[in-house]
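Spelled out, the chains give:
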Amino acid sequence: MQDNGLYCSIIMWDLSHSEQTVASLRAYLRDYAVDAYSQVPGLRQKVWISSTGPDGETWGAVYLWDNKEAAYGAPPVASRVGELIGYLPTSRQYFGVEAAAEGLSDVGKLVAGVGMAYEAPEAEPFVRPVEHNRGAASIIPVHARRG
């Protein structure tokens, strides 16, 4: 039976116990990871993500996989970030994809070579908005229903 699904995994590290930072990991992307992951069987797309804030730095990736075996199996041999960070991911989440769409971005398709690691390696990492910082109000108010 052929697997026609699409699967997503989100793998994240809290960098508070690592010597690595969001800024220092950008070289890993440019010099190794983007090219290495472009050769991983079953991987449709990988997007590396990060944020910083008063409560620390977070680094990780969102993966889209073509089949369950790739999505839920062992990490790809291309992965070296755990060695750099010095410990296993602090969170792993796995999902089946219900649907997907591409927007009308002027930038075009999401491809290798796009992102802060390429455009502005010395730029400050993204800082989480206040409403997403731990300790801040965790619920964004919902407007009253119109009657």
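Chains are numbered independently. Their residues run from 1 in the order of the written sequence. Whole-chain, interface and lining totals are the exception, using all residues; otherwise, since this is a predicted model, local features are given only for residues with pLDDT of at least 70 and side-chain atom pairs are given and counted only at 80 or more. Working from all heavy atoms in the structure, the side-chain values ignore hydrogens and water.

Peer 1: I keep staring at the overall build of the protein and nothing clicks. Help me out?
Peer 2: Each helix is a run of H or I in the DSSP string that is no shorter than four residues. Each strand is a run of E no shorter than two, and both are numbered from the N terminus. Looking only at helices and strands, the protein has 4 helices and 4 strands in total. Along the protein, helices and strands appear, N-terminal first, in the series β-α-β-β-α-α-β-α. Between buried and exposed lies partly exposed: a residue is buried under 20% and exposed over 50% of the maximum accessible area for its type, with that area taken using a 1.4 Å probe on protein chains only. Within the protein, the fraction of its 147 residues that count as buried is 28%. Within the protein, contacts between residues at least 6 apart in sequence are counted, and of these 74% link residues at least 24 apart. Total accessible area computed for the protein in this model is approximately 10,300 Å², and 55% of it derives from carbon and sulfur atoms. Contacts were defined at the residue level, with two residues in contact if any of their heavy atoms lie within 4.5 Å. For the accessible areas, the method is Shrake-Rupley and the probe is 1.4 Å, while residue cover comes only from the protein chains on display.

Peer 1: What's the story with the sheet that holds strand E2 (residues 43-53) in this structure? I'm lost.
Peer 2: Two orientations exist for strands paired in a sheet by backbone hydrogen bonds: parallel and antiparallel. Two strands pair under a simple rule: DSSP has to find at least two bridges between them. Across the sheet, which stays open at both edges, the 4 strands sit in the order E2-E3-E1-E4 with antiparallel pairing between neighbours. Every other strand in the sheet has two partners, leaving E2 and strand E4 (91-96) as the edge strands with one partner each. The average undirected angle you get between the axes of adjacent strands in this sheet is 15°. Inspection of the sheet shows strand E1 (residues 7-14) paired to E4 by 6 bridges, in the antiparallel sense. To obtain an axis, a line is fitted to C-alpha atoms, over the contacting stretch when the element is a helix, and the angle between two such axes runs from 0 to 180 degrees between their N-to-C directions.

Peer 1: Is there a simple way to think about the nonpolar core in this case?
Peer 2: Note that soluble globular proteins tend to have their nonpolar side chains buried in a common cluster. With 24 residues, the main nonpolar core has Tyr37, Trp59 and Trp65 as its most contacted residues. Taken together, the elements giving at least two residues each to this core come down to E1, helix H1 (22-37), strand E3 (56-65), helix H2 (68-72) and helix H3 (81-85). A per-element tally of this core places H1 first, with 9 residues. In this text, buried Ala, Val, Leu, Ile, Met, Phe, Trp, Tyr and Cys residues form a nonpolar core when linked through side-chain atoms within 4.5 Å.

Peer 1: Got a minute to help me understand the pattern of salt bridges in this structure?
Peer 2: Close approach of charged atoms allows side chains of opposite charge to pair. Every case where a carboxyl oxygen of Asp or Glu lies within 4 Å of a side-chain nitrogen of Lys or Arg is listed as a salt bridge. Within the structure shown, the criterion is met by 1 salt bridge. Here Asp66 and Arg44 are joined by a salt bridge, their closest N and O atoms 2.7 Å apart. Of this pair, Asp66 sits in the loop between E3 and H2 while Arg44 sits in strand E2, and the two are 22 residues apart along the sequence. According to the relative accessible area criterion, Arg44 is exposed, its value standing at 53%.

Peer 1: Looking at this structure, I do not really get the pairing of E3. What am I missing?
Peer 2: Consecutive side chains along a regular strand alternate between the two faces of the sheet. Relative to E3, E1 is paired through 8 bridges, and the arrangement is antiparallel. Within E3, the residue paired with Ile10 across the bridge is Val62. Direction of pairing for E2 relative to E3: antiparallel, over a ladder of 10 bridges. Bridge pairing in E3 links Gln45 to Leu64.

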